[in-house]
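Geometric and topological summary
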Amino acid sequence: MSEPVAEEYRKDLSTRHINMIAIGGAIGVGLFLGSGKALNQVGPGLILIYAVAGLMIFFVMRALGELLMYRPVSGSFAEYAGEFVGPWARFATGWGYWLVWIVTGMAEITAVGEYFQFWFPQVPQWIPALGALIVLSGVNLIAVKLFGEFEFWFALVKVVAIVGLIVLAAAILVFGFSDVGDTAAVSNLWAHGGMFPNGSTQALLSFQIVMFAFIGVEMVGQTASESANPKKVLPRAVNSIMLRILIFYVGALAALCALVPWNQFPADGSPFVHAFTLIGIPAAAGVVNFVVTTAALSSCNSGIYSTGRMLRTLSQDGQAPRAVSKLSSRAVPARAIAVTFVAMLIGVVLNYFVPEQAFTYITSASTVGAIFTWGMILIAHLGYRRKVATGTLPAGTFRMPLAPYSNYVVLAFLALVVVLLAFDAETRIALYITPVLAVAMVVGYLVARNKQQSPAPADQVTR
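Let me sum up the structure you'll find in this document.

Reading the values: rules and limits
- Residues numbered from 1 in each chain as written.
- Predicted model: local features only at pLDDT ≥ 70, side-chain atom pairs only at ≥ 80, totals over all residues.
- Heavy atoms only, no water.
- Helix = DSSP H or I, 4+ residues; strand = E, 2+ residues; numbered from the N terminus.
- Rg over C-alpha atoms; globule rule 2.2 N^0.38 Å.
- Buried < 20%, exposed > 50% of the residue type's maximum accessible area, 1.4 Å probe, protein only.
- Contact = heavy atoms within 4.5 Å.
- Areas by Shrake-Rupley, 256 points an atom, 1.4 Å probe, with all protein chains shown as cover.
- Salt bridge = Lys/Arg side-chain N within 4 Å of Asp/Glu carboxyl O.

Remarks on the overall build of the protein
- Helices and strands together make up the secondary structure of the protein, namely 19 helices and zero strands.
- Taken over C-alpha atoms, the radius of gyration comes to 22 Å for the protein, in line with the 23 Å a tight globule of 463 residues would show.
- Taken over the C-alpha atoms alone, the protein extends approximately 85 × 55 × 40 Å along its principal axes.
- Counting every position in the protein, which comprises 463 residues, the buried fraction comes to 54%.
- Restricting the contact set of the protein to residue pairs at least 6 apart, pairs at least 24 apart contribute 80%.
- Of the accessible surface of the protein, which amounts to about 19300 Å², a share of 67% is contributed by carbon and sulfur atoms.

Below, the structure is given as structure tokens:
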């Protein structure tokens, strides 16, 4: 006899799980690989760019944190958008976020296949990609605690790698050992053309590269309904995000630029590999490839988790098929996860057959989707604060600093990032896709609303 189907999530994510999920969400593949292009474009001033962008993300997370303390629910920001903006906002935020993680997961799982070829060049790329997708989907289907364990260790690998770099850089600067010992100096941060050697315009354009490195930081909000003590754990996790950005992004980039002058980093390679190689660590490429593979697996793991919960939330609200709302006997949204598995599997197949340029067009949809999600969190928070001001809802204790002015500042900043997309040929495609996605969202919402408003058949009413 089978076990009864659970109706609620289990609160099996511990404090260490939540903390590492928050860390993992703030450290992506973009830091290990993408920062090379940005560093070449901006110079050492990229450190300040990451700090400013990190501050903007911190305010987004504080807005989300205040909403989470008001009502910790799965599918958090979609629920808040629905409550404080309107049903259309719930639909657009939920499906938009689902799309962000589906296409991100497609890209990351493909990247896993590419990274595996570093060690096993004779193995076809699709085999490790498929294997990773099957394993991670299985992990998410078994239990949320197992997902938490995997994410804990994935995040720990990234943390150890970055902290190791910072400690090693500090030791080289003090004691002058290794192959870069004679040239490593803190003055490298400004001695080669200044902090912004390529001008303020290039620095401004780099914001649209930097912001996308933070995609996933909001995922900690998805864990609210499965946290053992959300009222205690989530504020700590949110408050520590700025410190983590300062350590892992600002600290890592400062260490890299102190060890090696910024103009010696290749634009199309990992600055971590380049720095470790110059230091004289023979296994540098292998170590960084392992870390990047782990980061890609972590991102895909998080994507499966997030999309499963978000799809179930949409289903419960009548904005997705009802069938995917059921939880398994292990209290996980198995049907929603299965839909995610199929969607990401299609991505792997498409990337195998379709030219790389076409796949880039698909994944570019995630850029605008992430900005829309962050913006909607800020707008929903404004709606919540208005109800608090009128006495409709009680004021929380974990309040966003400087609201509502900080909301408007960050919203203006996000709008600026969208505008900056138009100035780069590689990101401009996101602006072309946005109207298409907007039309699709409108049509989808109207269809879902009509189904909700349609009267049930007579045979169902009389049952």
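Picking up where we left off.
What to know about the pattern of salt bridges
- A full pass over the atoms with the stated rule returns six salt bridges.
- A salt bridge links R385 to E66, with the shortest nitrogen-to-oxygen separation between them at 2.9 Å. Of this pair, R385 sits in helix α16 (residues 365-389) while E66 sits in helix α3 (residues 46-70), placing them 319 residues apart in sequence. A single burial state applies to R385 and to E66, both of which are buried.
- Connected through salt bridges with shared partners, the residues E79, R90 and D317 form a single ionic network.

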